[in-house]
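Letter by letter, the chains look like this.
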Amino acid sequence: MKEKNVLWEFFTSVKLAIFTFLALAATSIIGTIIPQNEPFGFYVENFGPRWATIFKYLNVPDMYHAWWFVSLLVLFSLNLIACSLDRIPNVVRILRKDNLAVDIERLEKRGKNRRLLSALPLEQAADKLRGLLAGSGWSFASRERDGGVLFFAEKGGWTRFGVYTVHGSILVIFIGAIIGSIWGYKASVMIAEGTSTDQVYARDERHTPIPLGFRLRCDRFLLTYYANGMPKDYISDLSVIKDGKVVLQKRIEVNDPLQYAGLTFYQSSYQPIDNQYVIYLKNTTSGAFQNFIVMPLRQMRWEEENVAFGIVERRNPNMLGQYQHKIWFSDGKGSPVSFWVSENQPVRLERPGATYTVEVKQRFATGLQVAKDPGVWPVYIGCTLMLLGLAVVFFMSHRRIWIWVRPEPQGGGCRIVLSGNANKNRDGLEKDLDKIESLLNSSNELQVQGG
Amino acid sequence: MTSSQLLGATTFIYLLATFLYLLVLIFKARRAGILGTAVTLIGVLVQTAGIIMRWVESYQMGIGHAPLSNMYESLVIFSWAIALSYLVIEVIYKNRMLGAFALPFAFASMAYGSFAGEIHREISPLVPALQSNWLLAHVFTCFIGYAAFAVACGIGVLYLLKDRKERNRKAAGRRVVEGEEGVLDLLPPLKTIDEIIHKSIVFGFLWLSAGIITGAVWANSAWGTYWSWDPKETWSLITWFVYAVALHARFTKGWGGRRIAWIAVFGFLSVLFTYYGVNFWLSGLHSYGSS
Ligand code: HEM
C-alpha cells in the first residue's frame, strides 16, 4: 500500500476536477458579459471609476489571460496529470494480471454465470473449446487447475487507455496553445493593387513592423456580388517574391488563405483608393498585355506598343451598379477614339493594326490578416486524439470471459461454467456470452445442454 | 412540393405526435402510442425530404449550399435531430412514455422557426465568411449534440418527477397498489432512466466536442485564430464543462442519479443560452441570430 500523501490526494481527486470544471465555467461567464480588451476609459464610462479600478486590478478586461484564470487552468492541468499518473499503473496492473489464477470457488458462485453440461470427457471438451475460441477473434489462454481446465479470453484491453488519451489530448492542446503564444504572432497589412510589402504590422497598440524576409505583392483585388446585392466574394491575387523572383502565386479568398514560410495570409478587408483606377490593356493580336494605375484626366503611355490612353470622364453607376468610364485611346494607326466602358467589363477594341481588350476597375488595397502559429499542429493533433479517445471511451469496452470446464462425476461428461466481466457496457458483454454459448451449443460433438 | 410546404407540414405533424404521446402519458392509451410512433416517423421522413428539397432549391437558385446556414435552418436540423434521437431511444428501450418529453422540443423548435417574426426563412446566399465546408461540419455536429442534450433534459425532468413521487411515497409508508399505478409508475425504473440520461449526455458530449473542434478549425481557416474567446465560443466551452461534470460525477461518491438529472436540466439551459441567448444578449462573431 502506498503512503497516502495529503497533497497527492488533493491533486488526484475527481472532486477537485469537478470543482475546477465549475469554477472555469462560472468565471468564464464574466468575460462574455463584460466586454474584453477595451481601453480603461470604456470601463469607467460604463461601470464607474470604482469598478473600473477593481477590474483593472483583477485584469478583468483581459480575463482569459489574467493570473487567476491562468492559475485555474494550471490547477486543472496538474489535476489531470496527477490523476492520470495515479491511475495508469492500475490499468497496467489490470492488463498484466494473471487472470487464470482466479479463485475458482468464487468464480463458480458469480451471479449471471451460465452453466452447461457436455457429454464429452474433459480432455476432448477442452480441445474442442480451444478450437472454437481460436476462430472467434478473442485472445485466450488456458491452464489445468484443480482437476479441470480454466480458459480465459479477453477483448479490447487497450480501450482502458481511451480515457487517458482524452485527458492527455487536453494537455497536448494546451501545449499547442502555449507554443502559439510564445513563438507565434498576429499581424495585419494593407497592400494596394500593384504594390508589394516586405513587412507586416503587429496587432499591438504601436503596430510594430515585423519584417517578412520576402516580398508579398497584390496583383489584383476583386469584389463580387450576388444578384441581390449581397457580397459574394473578396478575392486577392497574391505573389510571393523572393530574391527578385516570383516563387509562389495564389488567388486567396475568405476561407482560403495563402501559406508561405510558416505564415498564413487571410483575406480580411479591403479599401477603395480614392480617384485611382486600374486599366488592363491587352493587344490580342500580339499577345502583349500590361496593367496601369490611372488617375482621371492624366495621359498614360504604353511605350512598347506605342499606345497612349487615359480616362477623360466618369459617370455614376448604371442599373447594375457599375460605374461608367470614358476612355480616350490612340495607337498611332488611324485616328484616336474615345468610348464608354463599364467597370469590370472587358471591351474589345478593333483598330486598323491590331485588336485590343480594355478593362477598367476601381483600384483597391487588400487588407490581409497575417498569422504565424507554430502551435496549430499540436492543437489539431490534440483535437484528433480527443475525438478518437472519446469514441473509444464511449463505444468500446474491455471484456473478459472465463470458461471453467471440470469433469462431471456421474456419466463421464463435463460441466462448463461461463462467466464474464466488462468495465462498462454490460449489455454488450451479455451478447458476447450469448454468442459463445450458442457456439458451444451448435457444436454437435460437445453436445452441450443447459444444466 | 416545395421545401417550405414540407417543413411547414412537419411542424403540424410534430404537434400531432406531441398530442398523441401526451395521451399515452396521461391516459395510458396504448393505441395512441403506436399511432404516435407512426406519426413521428412520418414527421422525420417529411422533414428529411424538406431538408433535401431546400438543399436542391438553393442549387436551382444558383446559390447552392447545405441548409445549415442560418437560424431557421439550424432550428430545422435541431428539431430533426431530436425527433430522430427520440425514435432511436424508443426502439432501444421499447417505452413510449418518454415521447411526451422529447417531441415537444422537436415541435417547439419547428414552431419557433416557422412563426417567429424575427426569423428569416428565405434561402439566402452565403456571405464570404460562411462559404466553407467546415461550417457544414460545424453546424451539423453542434446540433446533433444539442439534440442529444435536449433529450437528456426532457428525460431528466422525468427522472426528477418520478424520484420525488417515489420518495414521497416512501416517506408516507405507502406502496403502489396494482391497477392504481400513476403515469410515473409506468415509466422504466429510475436506474434505467438514469442510464438513458447518461447515454444521451455521453453521446451529446462527443458531438459537442466535435462541434467545438470543427468550429475552431473553421475559425482558423477563415481568420487565423482557432480560439478567440468570443462569447459564443466561450459559452460552448461553459456548456462543455457542465457536461464534463456529469461525466465525472459518477466517479465521485454521493453523486447519484438526481444530481445528474439536474445537470441534464441546467446543461440544457446552458445549451439554449449558447445557441440562442448569446445572439440576443451578447455580441460577437457569430451572426446567426441577427441574420
Ligand atoms: C475537460 C477536461 C476533461 C475531459 C473532457 C474528460 C473526459 C473524461 C471522460 C470522457 C471520461 C470517461 C467517462 C466515462 O467513462 O463515462 C473521463 C473519466 C475520468 N476522468 Fe476525466 N476528463 C477531463 C478532466 C479530468 C480531470 C481534470 C480529472 C482529474 C481528476 C479527470 C479524472 C477522471 C477520472 C478519474 C475518470 C475515470 C477514469 C476511469 O474510468 O477509471 N478528468 N474523463
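Keep in mind it's a predicted model, so treat the numbers as computed, not measured. (Residues numbered from 1 in each chain as written. Chains lettered and ligands numbered in written order. Predicted model: local features only at pLDDT ≥ 70, side-chain atom pairs only at ≥ 80, totals over all residues. Heavy atoms only, no water.)

Draft legend 1. Representation of the coordination of the iron atom of the ligand within the structure. H167 of chain A (NE2) and H248 of chain B (NE2) make up the full set of protein donors to the iron atom of the ligand, lying at 1.8 to 2.0 Å. Around the iron atom of the ligand, the six donor atoms are arranged such that angles at the metal cover 85 to 180°; this shape is classified as octahedral. Taken as a pair, H167 of chain A in helix α7 (residues 162-183) and H248 of chain B in helix α7 (residues 231-249) lie in two separate chains rather than in one. H167 of chain A sits in the buried class, given a relative accessible area of 13%. (Donors = N, O, S within 2.8 Å, 3.2 Å for Na, K, Ca; no water. Tetrahedral: all angles 85-135°; square planar, octahedral: opposite > 155°, others 65-115°. Helix = DSSP H or I, 4+ residues; strand = E, 2+ residues; numbered from the N terminus. Buried < 20%, exposed > 50% of the residue type's maximum accessible area, 1.4 Å probe, protein only.)

Draft legend 2. Layout of the domain arrangement of chain A. We note that the domain assignment places domain 1 (6-93), domain 2 (101-156 + 397-450) and domain 3 (185-372) within chain A. Taken over C-alpha atoms, the centre of domain 1 of chain A sits 48 Å from the centre of domain 3 of chain A. (Domains from an automatic or database assignment.)

Draft legend 3. Spotlight on the sheet that holds strand β12 (residues 300-302) of chain A. Residue and element names in this part refer to chain A. Sheet architecture is open: four strands sit in the order β12-β13-β14-β15, paired in antiparallel fashion. Across the chains shown, the open sheet's two edge strands, defined by having one partner strand only, are β12 and β15 (337-342). Going across the sheet, the axis of each strand differs from the next one's by a mean of 30°, ignoring polarity. Both strand β14 (residues 324-330) and β15 contribute to a ladder of six bridges, which runs antiparallel. When the sheet's bridge partners are listed, F329 is paired in β15 with V337. (Pairing = 2+ DSSP bridges. Axes fitted to C-alpha atoms, helices over the stretch in contact; angles between N-to-C directions.)

Draft legend 4. Representation of the packing of aromatic side chains. A full pass over the atoms with the stated rule returns 42 aromatic pairs over all chains. On the numbers, 5.4 Å between centres and 85° between planes, the contact of Y64 of chain A with F69 of chain A is edge-to-face. On the accessibility criterion, Y64 of chain A (4% relative accessible area) is buried. Aromatic pair F78 of chain B and F143 of chain B: ring centres 6.0 Å apart, planes at 65°, arrangement edge-to-face. Taken together, the positions of F78 of chain B in helix α3 (residues 71-93) and F143 of chain B in helix α5 (residues 133-171) put the pair 65 residues apart, joining distant regions of the chain. Of the two residues, F78 of chain B and F143 of chain B, neither departs from the other in class, the shared state being buried. Grouping aromatic residues by their ring pairs yields a cluster made of F21, F76 and F174 of chain A together with F205, W240 and F241 of chain B. (Phe/Tyr/Trp six-rings, centres within 6.5 Å; stacked < 30°, edge-to-face > 60°.)

Draft legend 5. How the structure looks around the site of the ligand. Taken together, 24 residues sit near the ligand, with L80, R87, H167 and I170 of chain A together with H248 of chain B positioned nearest. Proximal residues around the ligand fall on chains A and B, making this an inter-chain site. Separating an oxygen atom of the ligand from a side-chain N or O atom of R87 of chain A is a distance of 3.1 Å. Here H167 of chain A contributes a side-chain N or O atom positioned 2.7 Å from a nitrogen atom of the ligand. Counting residues per element, the shell around the ligand draws most heavily on helix α4 (residues 67-96) of chain A, at five residues. (Near = heavy atom within 4 Å. Polar contact = N/O pair within 3.5 Å; in protein donor to acceptor, adjacent residues only side chain to side chain.)

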